[in-house]
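# Secondary and tertiary structure notes
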Amino acid sequence: MADRLTQLQDAVNSLADQFCNAIGVLQQCAPPASFSNIQTSINKDQPTNPTEEYAQLFAALIARTAKDIDVLIDSLPSEESTATLQAASLYRLEEENHEAAARLEEVVYRGDMLLEKIQTALADIAQSQLKTRSGTHSQPIQD
């Protein structure tokens, strides 16, 4: 995944491409302007072009890209984020990490103790079952 500045540069390049494409298509589809009364007969014979549809399409693309650029700019770190503030934030995160690690160690210790109790109980159950089975085989069956 690209970093924010690369994403921002890509969005600006995309916006530039959209502007160039929009101008090119609109120039291509635009009806010729008449400089005198000579070209009025030529203009009447040409079919109408979907210039309005292209204009709306490119306007939507350019607006969406501009919104994306605004979002990317807003996600950049602010000027108020100095090295001291970042260091304080990292220190706070490190403290939270140590606290979470201590809680995790406690939970793991309790889990190990519980596992040990369960294994002891299972061993006792297995011994009891072995004793009862060996006791039933050694006793004669009485009818």
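Computed from a predicted model, the values in this text were never measured in an experiment.

This paragraph deals with the overall build of the protein. Of the regular secondary structure elements, the protein holds 4 helices and 0 strands. Helices (α) and strands (β) of the protein occur, in sequence order from the N terminus, as α-α-α-α. Counting contacts in the protein only where the partners sit at least 6 residues apart, residues at least 24 apart contribute 79% of the total. On the protein, roughly 12400 Å² of surface is accessible, and the fraction owed to carbon and sulfur atoms is 58%.

Counting residues in hydrophobic clusters, the biggest one holds 8 residues: Leu8, Ala11, Leu15, Ala22, Phe58, Ile62, Ile69 and Leu72. When contributions to this core are tallied by element, the ones reaching two or more residues are helix H1 (4-29) and helix H3 (51-75). Apart from the residues within four sequence positions on either side, Ala11 is in contact with Thr65, Ile69 and Leu72.

This part is about the pattern of salt bridges. All told, the structure shown has 1 salt bridge when counted by the stated rule. A salt bridge links Glu106 to Arg110, with the nearest nitrogen and oxygen atoms 3.8 Å apart. In this pair, Glu106 and Arg110 are both assigned in helix H4 (residues 83-138), 4 residues apart and thus about one turn of the helix distant.

A surface patch of like charges, here negative, comprises Glu94, Glu95, Glu96 and Glu99. You can see Glu99 is positioned in helix H4. Classification of Glu99 as partly exposed rests on a relative accessible area of 46%.

Here the focus is the confidence of the model for the protein. For the protein, per-residue confidence averages 84 on the pLDDT scale, and 81% of positions sit at 70 or higher. Averaged pLDDT values over the elements of the protein bottom out at 51 in helix H2 (residues 40-45) and peak at 92 in H4.

On to the packing of H1 against H3. Orientation of H1 relative to H3, taken along the N-to-C sense of each, is 165 degrees, at an axis distance of 9 Å. Judged on the interaxial angle alone, H3 and H1 are roughly antiparallel. Every pair of crossing elements has a handedness; the one defined by H1 and H3 is left-handed. For the contact of H1 with H3, a count of residues per class yields 17 nonpolar, 7 polar and 1 charged.

For the rest of this paragraph, the subject is H3. With 25 residues, H3 should cover 36 Å at 1.5 Å per step; its first-to-last C-alpha distance of 36 Å lies within 8% of that length. Regarding H3, the residues found buried are Phe58, Ile62, Thr65, Ile69 and Leu72.

Rules of the game
- Residues numbered from 1 in each chain as written.
- Predicted model: local features only at pLDDT ≥ 70, side-chain atom pairs only at ≥ 80, totals over all residues.
- Heavy atoms only, no water.
- Helix = DSSP H or I, 4+ residues; strand = E, 2+ residues; numbered from the N terminus.
- Contact = heavy atoms within 4.5 Å.
- Areas by Shrake-Rupley, 256 points an atom, 1.4 Å probe, with all protein chains shown as cover.
- Core = buried A, V, L, I, M, F, W, Y, C linked by side-chain atoms within 4.5 Å.
- Buried < 20%, exposed > 50% of the residue type's maximum accessible area, 1.4 Å probe, protein only.
- Salt bridge = Lys/Arg side-chain N within 4 Å of Asp/Glu carboxyl O.
- Patch = residues over 30% accessible without salt bridge, like charges linked within 9 Å, V, L, I, M, F, W, Y side chains within 5 Å.
- Lys, Arg positive; Asp, Glu negative; His and termini not counted.
- Charge placed at Lys NZ, Arg CZ, Asp CG, Glu CD.
- pLDDT = per-residue confidence, 0-100.
- Axes fitted to C-alpha atoms, helices over the stretch in contact; angles between N-to-C directions.
- Parallel < 35°, antiparallel > 145°, perpendicular 65-115°, else oblique.
- Left-handed = near helix turned anticlockwise from the far one by under 90°.
- Nonpolar A, V, L, I, M, F, W, Y, C, P; charged D, E, K, R; others polar.
- Expected span 1.5 Å × (residues − 1).

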